[in-house]
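Descriptive structure summary
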Amino acid sequence: MGDFFTNILAWVESTHLQEQIADVDYVGLFTNPWFLVPFIAVIVYLLYKPGWKDLIVIAIFVAVWWVSGTEYMATLVVGDELQINKVLPIVFGGAGLLGFIIYLFFVRSD
């Protein structure tokens, strides 16, 4: 049983998905067939189903992940100082997104 999990972990490491997600390598991730095929299958299924709430949450997750790799996010901390004028828009944007998700799942009913 341990050999089975070792083989699975070796396969997952060979796909380099963890590095692509951690390094915000969206070009590498969205050209990696081990990620792209299941991702497209989920999107097509949710379009067929239709699962609009889930599609919106996936789009928000991908957008937040992409934004986390931008130059703006890299300049939030300069030296050891937090740039509060750059953090506040992110906090308010995150609060707005959280409010939208709460509205989507708990207030609006389909």
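Going along each chain's sequence as written, the residues are numbered from 1 onward. Per-residue local features are limited, in this predicted model, to residues with pLDDT of at least 70; the limit for side-chain atom pairs, both in listing and counting, is 80 or more; totals at the level of whole chains, interfaces and linings are taken over all residues. With hydrogens and water excluded, all non-hydrogen atoms of the structure serve as input to the side-chain values.

**Let's talk about the packing of aromatic side chains**
Working definition: rings of Phe, Tyr and Trp (its six-membered ring) pair if their centres are within 6.5 Å, and the pair is stacked with planes under 30 degrees apart, edge-to-face with planes over 60 apart, and tilted otherwise. Tallied over the entire structure, the rule returns six aromatic pairs. Ring centres of Trp11 and Trp34 lie 5.0 Å apart, and the angle between their planes is 85 degrees; this geometry places the pair in the edge-to-face category. Of this pair, Trp11 sits in helix H1 (residues 2-15) while Trp34 sits in helix H4 (residues 33-48); the two residues are 23 residues apart in sequence, bridging distant segments of the chain. Remark: exposure states derive from per-residue accessible area (1.4 Å probe, protein chains only) relative to the maximum for the residue type, with buried under 20%, exposed over 50%, and partly exposed in between. On the accessibility criterion, Trp11 (40% relative accessible area) is partly exposed. Secondary structure elements follow DSSP: runs of H or I of four or more residues count as helices, runs of E of two or more count as strands, with numbering from the N terminus.

**Examining a nonpolar patch on the surface**
On the surface, Leu98, Phe100, Ile102, Tyr103, Phe105, Phe106 and Val107 cluster together to form a nonpolar patch covering roughly 730 Å² of accessible area. You can see Phe106 is positioned in helix H7 (residues 84-107). Patch members must show over 30% relative accessible area and no salt bridge, and they are joined within 9 Å when carrying like charges or within 5 Å when they are nonpolar side chains of Val, Leu, Ile, Met, Phe, Trp or Tyr. In these tables, accessible area is a Shrake-Rupley quantity obtained with a 1.4 Å probe, and a residue counts as shielded only by the protein chains included in the view. The rule for a salt bridge is simple: a side-chain nitrogen of Lys or Arg has to be within 4 Å of a carboxyl oxygen of Asp or Glu.

**Structural notes on the packing of helix H5 (residues 52-67) against H7**
Geometrically, a packed helix pair is captured by the angle between its two axes and the distance between the axes. The convention used is that axes are lines fitted to C-alpha atoms, helices contributing only their stretch in contact, and that angles between N-to-C directions extend from 0 to 180 degrees. It is the contact of H5 with H7, at a shortest axis distance of 11 Å, that shows an interaxial angle of 165 degrees. With respect to H7, the element H5 is oriented roughly antiparallel. The element H5 and its partner H7 pack so that their crossing is left-handed. Contacts between H5 and H7 involve Lys53, Ile56, Val57, Ile60 and Val64 on the former and, on the latter, Leu97, Phe100, Ile101, Leu104 and Phe105. Grouping the amino acids of the contact of H5 with H7 by side-chain chemistry returns nine nonpolar, no polar and one charged. Reported orientations rely on four angle classes, namely roughly parallel under 35 degrees, roughly antiparallel over 145, roughly perpendicular from 65 to 115, and oblique for the rest. In a left-handed crossing the near helix is turned counterclockwise from the far helix by less than a right angle, and in a right-handed crossing that turn is clockwise. Between two residues, a contact is recorded if the distance between any of their heavy atoms is within 4.5 Å. Residues were grouped as follows: Ala, Val, Leu, Ile, Met, Phe, Trp, Tyr, Cys and Pro as nonpolar; Asp, Glu, Lys and Arg as charged; and all remaining residues, including Gly, as polar.

**Some points on a negative patch on the surface**
Positive charges are assigned to Lys and Arg, negative charges to Asp and Glu, while His and the chain termini are left out of the count. In this description, the location of a charge corresponds to atom NZ of lysine, CZ of arginine, CG of aspartate or CD of glutamate. Residues Glu13, Glu19, Asp23 and Asp25 make up a contiguous surface patch of negative charge. Structurally, Asp25 can be placed in the loop between helix H2 (17-22) and helix H3 (26-29). Its relative accessible area of 33% is what places Asp25 among the partly exposed residues.

**Brief notes about the layout of surface pockets**
The method works on a 1 Å grid over the protein atoms by themselves. A cavity is a set of points holding a 1.4 Å probe that cannot get out, a pocket is an open set with protein on both sides within 12 Å along at least five of seven lines, and residues with an atom within 4 Å of a point line them. Grid points are joined across faces, edges and corners, and a volume is the space filled by probe spheres set on the points. Approximately 150 Å³ is the volume attributed to the largest pocket. Contributing to the lining of the largest pocket are Val64, Val67, Ser68, Met73, Pro89, Ile90, Gly93, Gly94 and Leu97. Secondary structure elements with two or more residues in the lining of the largest pocket: H5 and H7. Here the lining of the largest pocket gets five residues from one element, more than from any other, and that element is H7. The class makeup of the residues in the lining of the largest pocket is six nonpolar, three polar and no charged.

**Section: the confidence of the model for the protein**
Confidence along the protein averages 85 in pLDDT terms, with 97% of residues attaining 70 or more. When pLDDT is averaged over each helix and strand of the protein, the minimum, 77, is found for H2 and the maximum, 91, for H7. As a per-residue measure, pLDDT reflects the predictor's confidence and takes values from 0 up to 100.

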